[in-house]
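So you can see what is in the structure, the chains are spelled out below.
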Amino acid sequence: METFSIKDLHIDHMVPFVAYRNNDLWNLLPTLGSVNIKKSDRIPSVELLSRNPIRERIISYWENLFAKFPRQFKSEIQVSLLGRHPFSMRRWQVDSYENLKGLCNHLVEDRGFEIFTI
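So, here's what we can say about the structure. (Residues numbered from 1 in each chain as written. Predicted model: local features only at pLDDT ≥ 70, side-chain atom pairs only at ≥ 80, totals over all residues. Heavy atoms only, no water.)

**A few points about the packing of aromatic side chains**
Applying the stated rule across the entire model yields 8 aromatic pairs. With a centroid separation of 6.4 Å and 55° between ring planes, the pair formed by Tyr20 and Trp26 is classed as tilted. On the basis of relative accessibility, which here comes to 0%, the residue Trp26 falls in the buried class. One aromatic cluster is present, formed by Tyr20, Trp26, Trp62 and Tyr97 through successive ring pairs. Directly above the aromatic system of Tyr97 lies the positively charged group of Arg55, at a separation of 5.8 Å from the ring centroid. (Phe/Tyr/Trp six-rings, centres within 6.5 Å; stacked < 30°, edge-to-face > 60°. Buried < 20%, exposed > 50% of the residue type's maximum accessible area, 1.4 Å probe, protein only. Lys NZ or Arg CZ within 6 Å of the ring centre and 35° of its normal.)

**What to know about the side chain of Asp12**
Inspection of the secondary structure assignment puts Asp12 in strand 1 (residues 9–13). A relative accessible area of 9% means that Asp12 is categorised as buried. Looking at Asp12, its side chain comes within polar contact range of the side chain of Lys39, at 3.4 Å. Leaving out residues up to four positions away in the same chain, Asp12 has contacts with Asn27, Leu28, Leu29, Thr31, Asn36 and Lys39. (Helix = DSSP H or I, 4+ residues; strand = E, 2+ residues; numbered from the N terminus. Polar contact = N/O pair within 3.5 Å; in protein donor to acceptor, adjacent residues only side chain to side chain. Contact = heavy atoms within 4.5 Å.)

Structure (structure tokens):
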């Protein structure tokens, strides 16, 4: 396992700001600076987002944000990822994550943004 210090971390727009002008909490994730630089303005691939360790890490981070900033997080994820689907305490993680994958797929397939995969 790689060791790193807090100085090695960046805050990354998971869905790059250039593609989706969004500074919501769910879209700002801590990442290693080396990964952030490599990713740049590319969109995470659906294949990458489908990997269980990635999915679990993102959802865990989202749950921590929801616990710390419940109103803001719920409001932002409702507007940006859930849309017309109601926020469900039992399913928001699954529904939001599936919609994130759909958003990334749309940006790559329909809008022509470059894909990022590890």
